[in-house]
Amino acid sequence: MDYLRLSRNEQLSFLRARDPSILSGNLASKRENVRTNLMPDIQENELEEADKNIQIHLRIKYADMDESYKIEANEIQCSIPTSSSHLSNLKDIESIVKKFTFSHIFPPESTQEEIFNLVVKPKLLKFINGENSTLMSYGASGSGKTFTIVGTITDPGIIPRTLEYLFKTLPELPETPLVKPTYSTQVEMLNASHSREAILAKKNLLSLAKMTIDERHTNIYQEMQSRLSTEPAGILDDFSSVSLAVWVSFCEIYNENIHDLLTPMQKQKGNRAKLKLASYNENTYIKDLTNICVSSGIEAYQILQYGLHNLKYASTTINPHSSRSHCIFTIKIAQVVNGTNVYRLNYFNFCDLAGSERLKKTMNEGDRLKESNNINASLLVLGRCINCIRENQKRNLKKIVPYRDSKLTRLFQRALSGNESISMIVNINPTANMFEESLHTLNFSAVAKEVVVKRTPMKIKTKSRFSSYLQARNLFAANQEEDACEINRMQDLIDKLYLELERQTQYCTEQEVRIRDEIWEQQNAVIEEIKENSRQQIAANNDRYKRYIQGLKDLYEAKANQREVIDLVSSSDEDEDGNHKQQNLREEINSLKVKLTDVENENILLKNRLHDTEKTCTQAQEQIEAYKEQIITLKTEFTSKIRELDLEIVQTKNTYDTALQEYEDQASMLVNENYKLVEENSELNTQIETYTEWRSLQINDIHS
Ligand SMILES: Nc1ncnc2c1ncn2[C@@H]1O[C@H](COP(=O)(O)OP(=O)(O)OP(=O)(O)O)[C@@H](O)[C@H]1O
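Calculation notes
For every chain, the first residue of the written sequence is number 1, and numbering continues from 1 along that sequence. Only residues with pLDDT of 70 or above have their local features reported here, since the model is predicted, and side-chain atom pairs are shown and tallied only from 80 upward, although totals for entire chains, interfaces and linings are computed over all residues. Hydrogens are left out, water is left out, and the side-chain values use all remaining heavy atoms of the structure. In DSSP terms, a helix is any run of H or I states spanning at least four residues, a strand is any run of E spanning at least two, and both are numbered starting from the N terminus. For every residue, the accessible area (1.4 Å probe, protein chains only) is compared with the maximum for its type, and the residue is labelled buried under 20%, exposed over 50%, or partly exposed between those bounds. The contact definition used throughout considers only heavy atoms, calling two residues in contact when any of these lie within 4.5 Å. When at least one non-hydrogen atom of a residue lies within 4 Å of a molecule or strand, that residue is treated as near it. Under this definition, polar contacts are N or O atom pairs within 3.5 Å; protein pairs additionally need one hydrogen-donor-capable and one acceptor-capable atom, and for neighbouring residues in sequence, both atoms have to be side-chain atoms. Calculation of accessible area relied on Shrake-Rupley with a 1.4 Å probe; when residues are assessed, cover is drawn exclusively from the protein chains displayed. Here the term charged refers only to Asp, Glu, Lys and Arg, the term nonpolar to Ala, Val, Leu, Ile, Met, Phe, Trp, Tyr, Cys and Pro, and the term polar to all other amino acids, Gly among them. In summary, the pairing rule links any two rings of Phe, Tyr or Trp, Trp by its six-membered ring, whose centres are within 6.5 Å, and it sorts them by plane angle into stacked for under 30 degrees, edge-to-face for over 60 and tilted for everything else. In this text, buried Ala, Val, Leu, Ile, Met, Phe, Trp, Tyr and Cys residues form a nonpolar core when linked through side-chain atoms within 4.5 Å. The score called pLDDT rates the predictor's confidence residue by residue, from a low of 0 to a high of 100. Here the axes come from fitting lines to C-alpha atoms, over the contacting stretch only for helices, and the angles between their N-to-C directions go from 0 to 180 degrees. Each angle gets one of four labels, with under 35 degrees taken as roughly parallel, over 145 as roughly antiparallel, 65 to 115 as roughly perpendicular, and the rest as oblique. Should the near helix be turned anticlockwise from the far one by less than a right angle, the crossing is left-handed, and should it be turned clockwise, the crossing is right-handed. Only one rule defines a salt bridge in this text: a Lys or Arg side-chain nitrogen within 4 Å of an Asp or Glu carboxyl oxygen. Expected helix span is given by 1.5 Å per residue-to-residue step, counting one fewer step than there are residues. In this context, the arc is that of the directions from the helix axis out to the C-beta atoms. Two strands are said to pair when DSSP picks up at least two bridges between them. Count a disulfide wherever a pair of cysteine sulfur atoms falls within 2.5 Å.

The subject of this paragraph is the overall build of the chain. On a plain count of helices and strands, the chain comes out with 16 helices and 17 strands. When burial is assessed residue by residue, the chain has 48% of its 704 residues classed as buried. Considering only contacts within the chain whose residues lie at least 6 apart along the sequence, 79% involve residues at least 24 apart.

This paragraph deals with unusual backbone geometry. Of note, the phi angle at N255 is positive, near 50 degrees, even though the residue is not glycine. Relative to the elements of secondary structure, N255 occurs in the loop between β9 (242–254) and β10 (257–260). Even without a glycine there, the phi angle at D288 is positive, about 65 degrees. Within the secondary structure, D288 sits in the loop between β12 (283–286) and β13 (292–294). A residue is classified by how much of its surface remains accessible, and D288, at 67% relative accessible area, is exposed.

Around the ligand, a shell composed of 13 residues is seen, among which K61, G142, K145, T146 and F147 lie nearest. K61 places a side-chain nitrogen or oxygen 3.0 Å from an oxygen atom of the ligand. Between the ligand and F147, the relevant distance is 2.7 Å, taken from an oxygen atom to a main-chain nitrogen or oxygen of the residue. Protein coverage of the free-state accessible area of the ligand, which is 630 Å², stands at 66%. Among the elements that line the shell around the ligand, the one with the most residues is helix α4 (residues 145–149), at three residues. Broken down by class, the residue content of the shell around the ligand amounts to three nonpolar, seven polar and three charged.

It is worth spelling out the side chain of S325 at this point. Following the sequence through the fold, S325 ends up in the loop between α9 (297–318) and β14 (326–337). Among the polar contacts made by the side chain of S325, one reaches the side chain of E252 at a distance of 2.5 Å.

Turning next to the packing of aromatic side chains. Tallying each qualifying case throughout the model produces five aromatic pairs. Plain terms: the ring middles of F116 and Y165 are 5.2 Å apart, the flat faces sit at 35 degrees to each other, and that makes the pair tilted. Separated by 49 residues along the polypeptide, F116 in helix α3 (residues 112–128) and Y165 in helix α5 (residues 158–169) bring together distant segments of the chain. There is no split in this pair, since F116 and Y165 are both buried.

This part is about the nonpolar core. Looking at soluble globular proteins, one finds that nonpolar side chains tend to be buried together. Among the nonpolar cores identified, the biggest contains 51 residues, and L58, I76 and F102 are the most heavily contacted of them. Ranked by residue count, the leading element in this core is helix α11 (residues 366–395), at nine residues.

For the chain, per-residue confidence averages 75 on the pLDDT scale, and residues scoring 70 or more make up 73% of the total. Ignoring residues within four places in sequence, the model shows residues 232–236, a span with pLDDT below 50, making 15 contacts including any to other chains. This stretch, residues 455–465, has a pLDDT under 50; its non-local contacts, to residues over four places away or in other chains, come to 21 contacts.

Remark: α3 packs on α5, axes separated minimally by 10 Å, with the N-to-C direction vectors making an angle of 45 degrees. Our classification of the angle between α3 and α5 gives oblique. α5 is crossed by α3, and the crossing has right-handed handedness. On α5, the residues touching Q112, E113, I115, F116, V120, K121, L124, F127 and I128 of α3 are I158, R161, T162, Y165, L166 and T169. Taken together, the residues of the contact of α3 with α5 sort by class into nine nonpolar, three polar and three charged.

On to the pattern of salt bridges, then. Taken as a whole, this structure holds five salt bridges when the rule is applied. In this structure, E72 engages K70 in a salt bridge whose closest nitrogen and oxygen atoms are separated by 3.8 Å. Judged by relative accessible area, which is 42%, E72 ranks as partly exposed. Between E175 and K202 there is a salt bridge, and its shortest N-O distance comes to 3.8 Å. Placement of E175 in the loop between α5 and β7 (179–181) and of K202 in helix α6 (residues 192–212) is noted, with a sequence separation of 27 residues between them. Residue K202 is classed as buried on the basis of its relative accessible area of 2%. One continuous salt-bridge network, built from bridges that share partners, spans E175, K202 and E299.

The next thing to look at is α5. Along its 12 residues, α5 runs 16 Å from first to last C-alpha, staying within 8% of the 16 Å computed at 1.5 Å per residue. Those residues of α5 not exposed but buried are I158, I159, P160, R161, T162, L163, E164, Y165, L166, F167 and T169.

For an α-helix, the turn length of 3.6 residues means that residues three or four places apart are oriented alike. If you check α6, its first and last C-alpha atoms are 30 Å apart, about what 21 residues at 1.5 Å a residue would give, namely 30 Å. For α6, the set of buried residues is S195, A198, I199, K202, L205, L206 and A209. Buried residues of α6, seen end-on, are gathered within an arc of 130 degrees and therefore sit on one face of the element. For α6, the exposed residues set more than 90 degrees away from the buried face come down to R196, E197, L200, K203 and M211.

This next bit is on the environment of Q222. Among the secondary structure elements, Q222 is positioned in helix α7 (residues 215–228). Linking Q222 and E164, residues 58 residues apart in sequence, is a C-alpha distance of 9.7 Å.

Turning our attention to the side chain of S421. Checked against the element boundaries, S421 lands in strand β16 (residues 421–428). Residue S421 is classed as buried on the basis of its relative accessible area of 11%. Within the structure, S421 has its side chain in polar contact with the side chain of K123 (distance 3.0 Å). A polar contact is formed between the side chain of S421 and the side chain of S133, at a distance of 3.1 Å.

Turning our attention to the pairing of β10. In terms of strand pairing, β9 meets β10 through four bridges, oriented antiparallel. If you follow Y254 over to β10, its bridge partner there is N257. Taken together, β9 and the strand that follows it, β10, pair antiparallel across an intervening segment of two residues, in which N255 is found at a positive phi of about 50 degrees.

It is worth spelling out the state of the cysteines at this point. Following the criterion strictly, the structure yields zero disulfides and no others. Looking at C251, it has no disulfide partner, and the nearest cysteine sulfur is the one in C327, 8.2 Å off. Of all cysteine sulfurs, the one in C327 lies closest to C351, which takes part in no disulfide; the gap is 7.9 Å.

Another point: the pairing of strand β1 (residues 54–60). The element β1 is extensively covered by neighbouring structure, given that seven of its seven residues are classed as buried. Sheet analysis places β1 next to β16, joined by seven bridges and oriented parallel. Among the inter-strand pairings, L58 is bridged to a residue of β16, identified as V426.

Pasting the structure below:
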């Protein structure tokens, strides 16, 4: 935890970076699973604890501040006038004061630099040392969320300042990246051709950016660079054994659809590509999202501006309200210890949330209503997730946190569940005409709140009216509980179906491989056996045949010698002895003739056998051919079966996707219903709190 000590010591500068553990091969180590303690109604003693895990800061826009507001340290007081819808059912009350506490309050005169120094700088150092971070800006439309996160040409916001500090702290990066983020927490080494592709992609995007963005942005960034260069520089640890690269991505969630802001908009026309969420090792990430490697702050800033240009293009050309989306700019640091498999990927998300709107005030129809619904729905889910986590922690419960109810919360599940650092800058516009919006924002986001009712004469409401509030409140709570259960049940079902589909696909692939291998092995063994038998039989027959031929030759030679002897004997007929010998020789010749006949018969027999063997060989060869054909037929059948299965899988997947879409639509509707109820509930709560406070004042009056 060295960095904590260093970050408090500003003289040493936050630029004292990198935990040396990076070089000890311990890059991908996980943080402890610390749960976050987040949202409203936290008691004083819990406040400090909550502050450690999540900071919720309030920034008040530079504008004419209505006198209803009063700021004291990290507390803001709002005097709610009777004209407010929050008091519409308690007309007898003149006004009430609500106090909201935040981790820190930035008054209207706060500068971008102050906000950066207090909120982001400490997180940046942790980020470089291997902790992920998420920063969100929340508030009503026009309250200054984008101004805080991005800034203007003349007054750069958090992202450009972050980029400049980051690249000043990191060592000089190689022009060609050697590592790249893959899935949400994975890293891969790049070969030469992939590195070249990455550089080409960056160059293309930068030249597009140069054509589209206002040149003043670059100039202002450079001015900011020179201003920031007066900051004390830190000493860096040795990075020589680590390959490091910085990548950025930029996307928006509009109407619950995710769009890449780094793909040229002109190409997308009316049909903007929708990206999907996927998970790997319990990390949710956006599939096929463009990641661009950057080697300097100015490059990353130009890419950010290009994304913002795309956002504007989409809002004016593709759909008129696209700027009302959640925008997420992510900086990723990918590191690999050279020559090892030890890697680490860290990311810093900057999320500019779409403006929260009060349905009652902005009740529109058609697409505009759907858009408002989706924005409010996802913000409501965000609030519900935070509340649910807090409840679980506080009461040691195991309630299912509804992360899956919106794309935004799914994407930030790790951060929201306390595994990563998360901070929120809540923006309000303090002018009188934005009072309702601001009060709603404060109600939603404050770390703690308190109601104080001013002493005013008031008629007591009838008891039945008060009990009807309580009834409505209980009914709302019950409905909300039921809806949440139903949504969770449906989500579980979808998860199970999806798992089953994956299991089936895996099973089919394994079966295919196994059957192919088995058939191939069996056929090969039979063919080899037949070949070996035939080879042995042919060799044995050839041997025997050669021996018999040799025997025959020997016999013929012997016969020829005897013939010569007979001729010699017959030339001296008168010799009786000679006659006798002749007789003997004839007998011998006859016996040899018999033997010759035997040999000839045996030869015929051998020839027949050879013929039979040749026939067996031909049959074996034919059998081999038949087997080969059989294999081809089996293979064809198998391929078509696999194709059928593939088709079935695609159809099942489509059915699943349609069901999921329907479910998401339904969930969005339910959540919107809830949202309206929450608004009503918030008003009822205020009235109940006011009434309670008023009652105690009345009682005090009576006693005194
Ligand atoms: N603190 C501030 N100081 C000066 N100007 C500001 C400040 N906050 C906001 N503004 C200006 O107010 C206008 C609206 O702010 P911004 O666009 O940031 O609002 P937003 O909350 O992002 O709105 P939306 O949700 O509609 O996108 C901009 O012109 C911005 O420059």
